[in-house]
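A look at the structure
These are the residues of each chain, in order.
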Amino acid sequence: MTTTQGTGPVDVSAVAPPADVLGLDARRRRAFAWLLGLSAVLVASMVVGVAAGSVGVAPSVVAGILADRSGLPVTVTWAPSVDAIVWQVRFPRVLLGVAVGAGLAVCGVALQAMVRNVLADPYLLGINSGASSGAAAAILFGFAAGLGQHALSASAFLGAMAASLLVYGVARSGGRVTAVRLLLAGVVVGYALYAATSFLIFASGSAEGARSVLFWLLGSLGLARWGSPLLVVGAVVALTVLVLVLLARQLDVLMIGDGTARALGSSAEALRTRLLVLVSLCIGVVVAAAGSIGFVGLVVPHLARRAVGARHVHVVPVAALMGAILLIWADVVARTLLAPQEIPIGIITSLVGAPFLLVLVRRLHATAG
Amino acid sequence: MTGAEARLSAEGLRLTYGTRRVVDDVSFTVRAGRVLGVVGPNGSGKTSVLRLVAGDAVPEAGSVVLDGRPVEGTSPRALARSLAVVAQDEGVAETPLSAAEMVMLGRNPHLGPFQRPGPGDIAIVEEALRRVGALDLARREVATLSGGERQRVLVARALAQGAGTLLLDEPTNHLDVRYQHEVLGLVRSLGSRDGTATVVVLHDLNLAARYCDDLLVLDEGRVAAYGVPDAVLVPEVIEPVYAIGVHRLDVDGVPHLAFHPAHETHGEPHEHLA
């Protein structure tokens, strides 16, 4: 064992040598490279996402329309109908996909740290079940009809918030909000609200309504329009990403264990409560806008960790970009595979996610055994 | 090392889970530079005592005073600057953190909530890893380290915390003989060189005899004996606590215990071993 003559607990006066002995700089450079690469892929994916669909549009036309709409002087070579499709429908749809994908991915990262379980996903807290109940109430019984076109989203959001309050209440009732208690509360509330949604569908007796609810449950970006809902989703997701990056070291500590977090000077319970508020808000907004799109929040955190390691200061932004890219492509497939019919995007993400989960479980067994 | 101030003192600690009293009237003092070993059979309250000291559990009666301040009521952040804990079976097996990143978490109580570690923190982490002889492991993921290496990294994290008092819960668990001695030798050297006060929970009485200055023997939550190993590790104390026959040999001036189960007491211990 090599030792040096130390006098204090640790010699602070020692200057960090230029060489990256600890490998911390290497990890940072790696994360930076991933961020740059993924940003480029995201931009390219957004262009493809706008160009692809039942009516194909050339990427140059997409760029032209974007420039034209930004007020740049360009010669308009495309029909007004193309402009309408690209600007009114596809741009907001792709932007919503970016926000929803990023939001689901970073909430998955936060959730996996909060309950310290790599198989946790954002829907584990039953928030999407609450949103589903709200959506079902709006679709089947005209709940919040006074809000006009925003009735569905508003009702779903109310349901999501009610669910997260319930989860918090149940998790809190025994005193400390531990990982296991939170998990249990989420599962209990999730099942109860799932039953409530099923009851609403059953009680309405409307086959058409049941179909709408089912379609909504499987997720879709089809409701995307320019306007305040898109703005709200974007703002909330951006805020969530920012706060999680700022809290990154606390997430690192939380991921190891409550006892360790405490020993390192962080209160796991207080942090978990704060994160629960943030994640509930983000998931509530996302689910209200796009339904329950599964597997993104479960799968992407793993991909991000494999790429850049465990530190959340790297994992959170990388996961956000990966989630956004994944959702754009899933939506492209959903729109084009059976065009002009649209497949619910949740089916695509589940089809991609399920085999991934299988691989993950096998790998977990390999390391545990 | 006499005359040094008391870093850590516990007075009349009591803790009850349900109807079971797991810690009952436990008192001890650890001075700077000293290593206190906490020993006792399974369920004797060793880990509970450690949790009380770490502020993880609140005592029903009694108090813990660390550097002149009561632990109860101290914020986790302030506590973490004077007390470092290496818990048993931390969830480090699953995390893909590198060893250097793990040790850097020891700087957590010194950094503001949104503050990034600076060059000073990096220097401290490097020095801590060097001190435990694990600098070459810095880039490795903690999950891929052997038990002994992992334990050294966790001790390095405790060093990076810059705390004057160290708590270790069975740090030699799952380690082979060589690493058991290596880890405890490291703990011992921290005490004699830096004046770190250490409380270490141990299963192995012979390791405790070799590396601890004082021993606290617990039996069903009570103190069965408290003193230097030479006075505590005698058959009159150990036999009733562990319900097993004990024969003591002294090797190089260190007490060494050989055990013989009650049903095998027909043969006398081999005296020539001494």
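First, a word on scope: everything that follows refers to the structure included in this document. Remember, predicted model here, so these are calculated numbers, not experimental data.

Overview of the interface of chain B and chain A
- Every contact between the two is made by 52 residues of chain B and, on the other side, 42 residues of chain A.
- With both chains or domains summed, chain B and chain A bury close to 4000 Å², and 59% of this area falls on carbon and sulfur atoms.
- In this structure, the connection of chain B to chain A is made through four salt bridges.
- The salt bridge involving glutamate 141 of chain B is made with arginine 27 of chain A; its shortest N-O contact spans 3.9 Å.
- Scanning the region where chain B abuts chain A turns up nine residue pairs in polar contact (both at pLDDT 80 or more).
- Secondary structure elements with two or more residues in the side of chain B that touches chain A: α2 (76-82), β6 (83-86), α3 (99-104), α4 (119-131), α5 (147-160) and α6 (177-194) of chain B.
- No other element matches the 10 residues that α4 of chain B contributes to the side of chain B that touches chain A.
- Residue classes in the side of chain B that touches chain A are distributed as 27 nonpolar, 10 polar and 15 charged.

Digging into the pattern of salt bridges
Residues and elements named next belong to chain B.
- Here the structure, examined in full by the defined rule, presents 26 salt bridges over all chains.
- Ionic pairing is found between glutamate 126 and arginine 130, a salt bridge with its closest N-O pair at 3.0 Å. Remark: arginine 130 and glutamate 126 occur in helix α4; sequence separation between them is four residues, near one turn of the helix.
- Connected through salt bridges with shared partners, the residues Glu126, Glu127, Arg130, Arg131, Arg193 and Asp194 form a single ionic network.

Regarding the environment of glycine 234 of chain A
Residue and element names in this part refer to chain A.
- Within the secondary structure, glycine 234 is located in helix α8 (residues 228-246).
- For glycine 234, a relative accessible area of 30% puts it in the partly exposed group.
- On a C-alpha basis, the gap between glycine 234 and valine 285 in space is 9.5 Å, while along the polypeptide they are 51 residues apart.

Cut-offs applied
- Residues numbered from 1 in each chain as written.
- Chains lettered and ligands numbered in written order.
- Predicted model: local features only at pLDDT ≥ 70, side-chain atom pairs only at ≥ 80, totals over all residues.
- Heavy atoms only, no water.
- Contact = heavy atoms within 4.5 Å.
- Buried area = accessible area lost by both parts, 1.4 Å probe.
- Salt bridge = Lys/Arg side-chain N within 4 Å of Asp/Glu carboxyl O.
- Polar contact = N/O pair within 3.5 Å; in protein donor to acceptor, adjacent residues only side chain to side chain.
- Helix = DSSP H or I, 4+ residues; strand = E, 2+ residues; numbered from the N terminus.
- Nonpolar A, V, L, I, M, F, W, Y, C, P; charged D, E, K, R; others polar.
- Buried < 20%, exposed > 50% of the residue type's maximum accessible area, 1.4 Å probe, protein only.

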